[in-house]
Amino acid sequence: EVQLVQSGTEVKKPGESLKISCKGSGYIFTNYWIGWVRQMPGKGLEWMGIIYPDDSDTRYSPSFQGQVTISADKSISTAYLQWSSLKASDTAMYFCARHYFGVDGSGSEDSWFGPWGQGTLVTVSS
Amino acid sequence: QSVLTQPPSVSAAPGQKVTISCSGSSSNVGNNYVSWYQQLPGTAPKLLIFDTNKRPSGIPDRFSGSKSGTSATLAITGLQTGDEADYYCGTWDSSLSVVLFGGGTSLTVL
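Analysis parameters
- Residues numbered from 1 in each chain as written.
- Chains lettered and ligands numbered in written order.
- Predicted model: local features only at pLDDT ≥ 70, side-chain atom pairs only at ≥ 80, totals over all residues.
- Heavy atoms only, no water.
- Buried < 20%, exposed > 50% of the residue type's maximum accessible area, 1.4 Å probe, protein only.
- Helix = DSSP H or I, 4+ residues; strand = E, 2+ residues; numbered from the N terminus.
- Pairing = 2+ DSSP bridges.
- Polar contact = N/O pair within 3.5 Å; in protein donor to acceptor, adjacent residues only side chain to side chain.
- Contact = heavy atoms within 4.5 Å.
- Buried area = accessible area lost by both parts, 1.4 Å probe.
- Salt bridge = Lys/Arg side-chain N within 4 Å of Asp/Glu carboxyl O.
- Nonpolar A, V, L, I, M, F, W, Y, C, P; charged D, E, K, R; others polar.
- Axes fitted to C-alpha atoms, helices over the stretch in contact; angles between N-to-C directions.

1. Observations regarding the pairing of strand β7 (residues 85-93) of chain B
Residues and elements named next belong to chain B.
Piece 1. In terms of burial, β7 is a largely internal element, 8 of the 9 residues being buried.
Piece 2. The pairing of β7 with strand β9 (residues 105-109) spans 3 bridges and is classified as antiparallel. For alanine 85, the partnering residue across the bridge sits in β9 and is leucine 107.
Piece 3. In terms of strand pairing, β7 meets strand β8 (residues 98-101) through 4 bridges, oriented antiparallel. Of the residues in β8, the one forming a bridge with threonine 91 is leucine 100.
Piece 4. Remark: 4 residues form the turn of the hairpin made by β7 and β8, two consecutive strands paired antiparallel; serine 97 in that turn has positive phi of roughly 55°.

2. Topic: the side chain of Thr91(B)
Residues and elements named next belong to chain B.
Piece 1. For threonine 91, the position within the fold is in strand β7.
Piece 2. Of the residues examined, threonine 91 reaches a relative accessible area of 0% and is grouped as buried.
Piece 3. Among the polar contacts listed, one links the side chain of threonine 91 to the backbone oxygen of tyrosine 33, at a separation of 2.7 Å.
Piece 4. Apart from residues no more than four positions distant in its own chain, threonine 91 is found in contact with Leu4, Asn28, Val29, Asn32, Tyr33, Val34, Val98, Val99 and Leu100.

3. Thoughts on the interface of chain B and chain A
Piece 1. Each side of the interface is counted separately: chain B has 20 residues, and chain A has 23 residues.
Piece 2. Both sides together, the interface formed by chain B and chain A hides about 1800 Å², and carbon and sulfur atoms give 64% of it.
Piece 3. Across the contact surface, chain B and chain A share 0 salt bridges.
Piece 4. Applying the counting rule to chain B against chain A returns 9 residue pairs in polar contact (both at pLDDT 80 or more).
Piece 5. For the side of chain B that touches chain A, the secondary structure elements donating two or more residues are β3 (34-39), β7 and β8 of chain B.
Piece 6. For the side of chain B that touches chain A, the per-class residue count stands at 11 nonpolar, 8 polar and 1 charged.

4. A word on the sheet that holds strand β8 (residues 78-83) of chain A
All names here are of chain A.
Piece 1. Spatial strand order, β1-β3-β8-β7: 4 strands in an open sheet with antiparallel pairing. Edge positions in the sheet fall to β1 (3-6) and β7 (69-73), since each of these pairs with one other strand and no more. Taking the axes of each pair of neighbouring strands and ignoring which way they run, one obtains an average angle of 20° across the sheet.
Piece 2. Sheet topology note: the strand β3 (residues 18-25)/β8 ladder contains 6 bridges and is antiparallel. Bridged to lysine 23 within β8 is threonine 78.

5. Observations regarding the side chain of Thr120(A)
Residues and elements named next belong to chain A.
Piece 1. Mapped onto the elements, threonine 120 comes out in strand β11 (residues 120-124).
Piece 2. By relative accessible area, which is 1% here, threonine 120 ends up buried.
Piece 3. Apart from residues no more than four positions distant in its own chain, threonine 120 is found in contact with Gln6, Ser7, Gly8, Ile20, Ala92, Met93 and Tyr94.

Take a look at the structure:
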């Protein structure tokens, strides 16, 4: 069974650093992108970025570029999302998901996420 | 404001059919594949439809996807109370080189 398991709930203070993780199993970790998605309280899904664990090729949403760092350690099938200095506005649920990306013969691009991790709740409060 | 526009909410009675629209542009929905996700209350999103109209194994055929021009549609037939959830569309935008999600639609089964 393909599965992504995320690290647990975090409660941090503004200005602190944080690194959360997402461990894949049941498939060849280096063959698929891994994506990170933010969901603020009561809001919708926001794409943060994706990483290809085999070569660590990383793409960021312009909204999150420079705000977070996405990385991966293929030796332990784990992807990471980290902050160097948290803000209260980073309070949210963060999901990782296996990401498929392809281009068909006509040039149409194909992107979807599945399965998803269970989510990591990050609360930043003084 | 999402680039992909979904109605904030839809509702229908048990056993009925409901459709949820996802409107975009030629750089995303119009020329690329669309996916749909179901998020039950308090849980992670789940892939419902990929490649615009394909269902992952385990997803019942009550759920179907289609596309016409720059608008995609998720249809759910034989509504059940367990279908009450938020539904999101997703796609790739070729001009921006980003993943896009719709703003989400809350389904109520009356």
